[in-house]
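The chain contents come next:
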Amino acid sequence: MERQDAPYLVFLGEACIDEYYETDRWGEMGDKMMLRPVENLVGGMVANAAGVAAGLGQKCYLVDSLSDSPVCRQLRAAMEAEGIDTSYTLHDPGMADPKCIIVTQGGERVVCVVDTARAPRRITPRHQRLLDGAAWIYTIVRTLQQVEDAEAVLDRARAAGAKLYLDVEGVVAEDNDPRFLRRADGLTFNEQGFAAFRGDRSEGACLKDLFAGGVEFVAVTLGPGGCRVHTPGRTIACPGLPVAPVDTTGAGDTWGAAFLWARVNGWALGDCARFANGMAARACTVLGARGGICTLEEARRWMDRAPQAVETRAAP
């Protein structure tokens, strides 16, 4: 086990290049759209979150699969410049360059994820020791589905003291893989994803099921509306901070990383939510999925602008 005096986070997931385009009108199937190239930027949901946490001063490792292509070398160099430790990157010589195509219009965007075939991730004993020593492992279900013996890997890490944080998109049925959700200590959904996940169940019944399985908290982000954070017997509602959006890409990743950073550092639940809301709002004012990366000093300034959290369901 590589447990250290200072807590560290392990981010298990992909980095990619985001190809940005701009349009004045979003078309429908069978239509034709005019796109204007804007810029190519470093992105990737889990890698975005790692950059945010590293910017706040947290020791962060990224476990990803990358080839030796120029694009993958660019990704690795960019992450290292952000303070992310990439020394545990897995080598996948045959993989295509990972990318997303992002089309923006009036501050909103459509993200087209290019499905890059990757070799199954094999967690070596060295990687397992890193996971075992982490304070939290931050990942998504889609990545865990690509890890060999993922359930055993997680069970060993959690037995060693690591906790599991899942950013659950939830709209696609495969994202709601019970093998992993029942192992999570913390879950974040966006509003649409949580509605899809709970299905016909009431919110209360859904939360009861999750908490009965050992989940510590369930956060539901509401875009400009802020968030709700649930723990057993308690709910915190925190309004959003209105901004004029430039690009909402990466706002959810920023929210998750900021919330987890604050929780790891012992902040009260309401302050965690308010801090995450402020950081996510700031991310929307910057082009690119890495727009959420900033210093703790800058993050606190945005937190100060964010509305206070309110407890709507008190602990018994």
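Look a little higher up for the structure.
What counts, and where the lines are drawn
- Residues numbered from 1 in each chain as written.
- Predicted model: local features only at pLDDT ≥ 70, side-chain atom pairs only at ≥ 80, totals over all residues.
- Heavy atoms only, no water.
- Salt bridge = Lys/Arg side-chain N within 4 Å of Asp/Glu carboxyl O.
- Helix = DSSP H or I, 4+ residues; strand = E, 2+ residues; numbered from the N terminus.
- Buried < 20%, exposed > 50% of the residue type's maximum accessible area, 1.4 Å probe, protein only.
- Pairing = 2+ DSSP bridges.
- Axes fitted to C-alpha atoms, helices over the stretch in contact; angles between N-to-C directions.
- Contact = heavy atoms within 4.5 Å.
- Patch = residues over 30% accessible without salt bridge, like charges linked within 9 Å, V, L, I, M, F, W, Y side chains within 5 Å.
- Areas by Shrake-Rupley, 256 points an atom, 1.4 Å probe, with all protein chains shown as cover.
- Disulfide = S-S within 2.5 Å.
- Phe/Tyr/Trp six-rings, centres within 6.5 Å; stacked < 30°, edge-to-face > 60°.
- Lys NZ or Arg CZ within 6 Å of the ring centre and 35° of its normal.
- Expected span 1.5 Å × (residues − 1).
- 1 Å grid on protein atoms, 1.4 Å probe; cavity = no way out; pocket = protein on both sides within 12 Å on 5 of 7 lines; lining within 4 Å.
- Points joined across faces, edges and corners; volume = space filled by probe spheres on them.
- Nonpolar A, V, L, I, M, F, W, Y, C, P; charged D, E, K, R; others polar.

A. Up close: the pattern of salt bridges. Evaluated as defined, the whole model comprises 23 salt bridges. Taking the shortest distance from any N to any O, the salt bridge between Glu19 and Lys99 comes out at 3.4 Å. Residue Glu19 is located in strand E2 (residues 16-22), and its partner Lys99 is located in strand E7 (residues 99-105); the two are separated by 80 residues in the primary sequence. Since its relative accessible area comes to 31%, Lys99 is described here as partly exposed. Salt-bridge contacts for Asp24 lead to Arg36; the nearest nitrogen and oxygen are separated by 3.1 Å. Note that Asp24 is positioned in the loop between E2 and strand E3 (36-43) and Arg36 in strand E3, a separation of 12 residues in sequence. Exposure remark for Arg36: the relative accessible area of 33% places this residue in the partly exposed category. Among the charged side chains, a salt-bridge network with shared partners connects Glu151, Asp155, Asp177, Arg179 and Arg183.

B. Summary view of the sheet that holds strand E1 (residues 8-12). Taken in spatial order, the nine strands make up an open sheet running E4-E1-E9-E10-E11-E12-E13-E14-E15, and their pairing is mixed. Each having just a single partner strand, strand E4 (59-63) and strand E15 (310-313) make up the two edges of the open sheet. Strand-to-strand, the axes of this sheet are offset by a mean angle of 20°, without reference to chain direction. Across five bridges, E1 lies against E4 in parallel orientation. Directly across from Leu9, in E4, lies its bridge partner Cys60. Across the face of the sheet, helix H7 (residues 191-198) comes into contact with strand E11 (186-190) and strand E12 (217-221) while running at roughly 110° to E11.

C. Main features of unusual backbone geometry. Here the phi dihedral of Asp149 falls at roughly 55°; this positive angle occurs in a residue that is not glycine. Here Asp149 shows up in the loop between helix H4 (141-144) and helix H5 (150-159).

D. Representation of a nonpolar patch on the surface. Residues Val38, Val246 and Leu287 make up a contiguous nonpolar surface patch of roughly 210 Å² in combined accessible area. As for its position among the elements, Val246 is in the loop between strand E14 (234-238) and helix H9 (251-264).

E. A look at the state of the cysteines. For the coordinates displayed, the defined rule picks out zero disulfides. In this model Cys16 remains outside any disulfide bridge; the closest cysteine sulfur is found in Cys100, 3.9 Å from its own. Owing to a relative accessible area of 7%, Cys16 belongs among the buried residues under this scheme. Unpaired in terms of disulfides, Cys227 finds its nearest cysteine sulfur in Cys238, a separation of 5.0 Å. Judged by relative accessible area, which is 2%, Cys227 ranks as buried.

F. Region of interest: the packing of aromatic side chains. Under the counting rule described, the total for this entry stands at 15 aromatic pairs. Relative to Phe259, the ring of Trp255 lies with its centre 5.0 Å away and its plane at 10°, an arrangement referred to as stacked. Taken together, the residues span about one helical turn, with Trp255 and Phe259 both in helix H9 at a distance of four residues. Looking at Phe259, the relative accessible area reads 0%, which means it is buried. Taken together, the ring pairs connect Phe11, Trp136, Tyr138, Tyr165, Phe217, Trp255 and Phe259 into an aromatic cluster. The ring of Phe197 has Arg201 sitting right over it, with the charged end atom 5.2 Å from the ring centre.

G. Expanded view of the sheet that holds E2. Read from one edge to the other, the open sheet built from four strands follows the order E3-E2-E7-E8, with strand pairing classed as mixed. Unpaired on one side and paired on the other, E3 and strand E8 (108-113) mark the two borders of the sheet. Within this sheet the neighbouring strands show an average axis-to-axis angle of 25°, counted without direction. Across the sheet, helix H2 (residues 70-81) touches E2 and E3, and the angle it forms with E2 is around 100°.

H. The arrangement of H9 in detail. The terminal C-alpha atoms of H9 lie 20 Å apart, and with 14 residues this matches the ideal 20 Å at 1.5 Å per residue to within 8%. Among the 14 residues that make up H9, 11 are buried, leaving the element largely enclosed by the rest of the structure. Every buried residue belonging to H9 is among Ala251, Asp253, Thr254, Trp255, Gly256, Ala257, Ala258, Phe259, Leu260, Trp261 and Ala262, and all of these are buried. Downstream of H9 by a residue or two, Gly266 has a phi angle that is positive, lying close to 80°.

I. Quick peek at empty space enclosed by the protein. One pass over the full model with this rule turns up one cavity of 30 Å³ or more. Empty space within the largest cavity amounts to approximately 30 Å³. When residues of the lining of the largest cavity are traced back to their parent elements, those giving at least two are H4 and strand E10 (163-168). Grouping the amino acids of the lining of the largest cavity by side-chain chemistry returns three nonpolar, no polar and four charged.

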